[in-house]
Amino acid sequence: MVDQISDGGEFGRFVNVCLTIITSLTYCYFISRNIPKGFPRLTSVLPIIYIFILLPINLSSILLNLAIGFSTSWLSNFKLILFSFDAGPLSSDPPLLSSSPSSSSMTLVRFLCIACLPIKLKQSKPSSQPSGNIHAHGLKCYYALEGFLLGLTIYVYGYYQQCHYKPNFIIINFLYFFVMCFSIEPSLVACYALARFLFGLDVELPFNFFFLSTSFHDFWGRRWNLVSSNILRLMVYKPVRHIFKRSWGKYVAILATFFVSGLMHELLFFYIDWQKPCWDILGFFILHGVCVAVEIKVKQSLKGKWQLNQFISTQLVTGFFVCSCFGLIFPSVERYI
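Cut-offs and rules
- Residues numbered from 1 in each chain as written.
- Predicted model: local features only at pLDDT ≥ 70, side-chain atom pairs only at ≥ 80, totals over all residues.
- Heavy atoms only, no water.
- UniProt positions renumbered as here; feature names shortened; annotations may be inferred.
- Helix = DSSP H or I, 4+ residues; strand = E, 2+ residues; numbered from the N terminus.
- Buried < 20%, exposed > 50% of the residue type's maximum accessible area, 1.4 Å probe, protein only.
- Contact = heavy atoms within 4.5 Å.
- Expected span 1.5 Å × (residues − 1).
- Bend = angle between axes of the 7 residues up to and from the residue.
- Axes fitted to C-alpha atoms, helices over the stretch in contact; angles between N-to-C directions.
- Parallel < 35°, antiparallel > 145°, perpendicular 65-115°, else oblique.
- Left-handed = near helix turned anticlockwise from the far one by under 90°.
- Nonpolar A, V, L, I, M, F, W, Y, C, P; charged D, E, K, R; others polar.

- The name that an unreviewed UniProt entry assigns to the chain is Wax synthase domain-containing protein, with the source organism given as Papaver atlanticum.
- The heading Subcellular location (unreviewed entry) in the UniProt record of the chain holds the text "Membrane".

Here we look at unusual backbone geometry
With glycine set apart, most residues show a phi of negative sign, and most peptide bonds adopt trans.
Reasoning step 1: One non-glycine residue with positive phi stands out, namely Asp86, at about 60°.
Reasoning step 2: Take Asp86: it is sitting in the loop between α3 (62-84) and α4 (101-116).
Reasoning step 3: Phi is positive for Asn225, close to 40°, though the residue is something other than glycine.
Reasoning step 4: By the element assignment, Asn225 lies in the loop between α7 (216-223) and α8 (226-243).

Some details on the side chain of Thr72
Reasoning step 1: Secondary-structure assignment places Thr72 in helix α3.
Reasoning step 2: Classification of Thr72 as buried rests on a relative accessible area of 1%.
Reasoning step 3: When neighbours within four sequence positions are excluded, Thr72 is seen to be in contact with Ile21, Phe52 and Asn77.

Re helix α11 (residues 310-333)
An α-helix turns once per 3.6 residues; consequently, residues spaced three or four apart project the same way.
Reasoning step 1: Taking 1.5 Å of rise per residue, the 24 residues of α11 would be expected to cover 34 Å, and the 32 Å separating its terminal C-alpha atoms lies within 8% of that figure.
Reasoning step 2: The largest bend along α11 reaches roughly 45° and is located at Phe326.
Reasoning step 3: For α11, the complete set of buried residues consists of Ser313, Thr314, Val317, Phe321, Val322, Ser324, Cys325, Phe326, Ile329, Phe330, Ser332 and Val333.

Topic: the packing of helix α9 (residues 249-273) against helix α10 (residues 280-302)
Reasoning step 1: Taken N-terminus to C-terminus, the directions of α9 and α10 make an angle of 160°; their axes are 8 Å apart at the nearest point. In terms of their interaxial angle, α9 and α10 are classed as roughly antiparallel. Of the two elements, α9 crosses α10, and the hand of that crossing is right-handed.
Reasoning step 2: Here the residues of the contact of α9 with α10 sort into 15 nonpolar, six polar and four charged.

Structure (structure tokens):
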């Protein structure tokens, strides 16, 4: 189907990409019902994984390119690999591969939504995320404010682009930072709303007020892009931790997780114009992986005897995140602007 993409413009190519995704995942759903878990099932989905890796090259729009790359080449492929071994969100309880013909269509829709949408199913344990009518009203105001700030940031960025003089380095990088923060979260929240209200899936919000993070572990593990962190935890951290069972094994698992995350982000940028990677983005994630590992080790050594003030720690974490974005992420972004 990928080879049959017509010249109907970007919208036509996007429709064909979506049809390819639905057809491919439907194949995975039905073919896997009769194939045992493990390497036999993995072998059956390998052609789909290959197709998903190639899908973004059919789109020229940067936003669509990144969206399809993130949803399919990264998340869907990782979910399918986990699904091959009867793990991950596609092997939830109750099982998605229902043998009942009457429920087959419903479970197929559920399978497709979980497989292709960047969402995180809600765990049985209580969530730390806000709930209730008051919190829901506050979230609506928060997202409305975020949308307003995104529009304002884009307007200011457009103004600076039209200026005859070169924009100040600090200002332009702050604009990049605000666009990144204010665009990623609403996009994933839209997928959250689609899965929750249209398909009835019990999913968690993808972000949890990341600007309130009090540590690197809190930022990456509990607040920033919980969709990616959940998949990376299942796909990389747990298997590596299972292999290295000694006390230092968790640090190896943390570094491996951030390394894979960095590679996947490099792949997303590679899709845009097929330029040779500079590996700045990979360096960003390795740096933060080291910070998380060192932070956990230091806290274990101190055993709670000394703790930094919460307000100060929040400012330090946020400041380090912003500065590392300025030094490693945004130089790569400028190549595509």
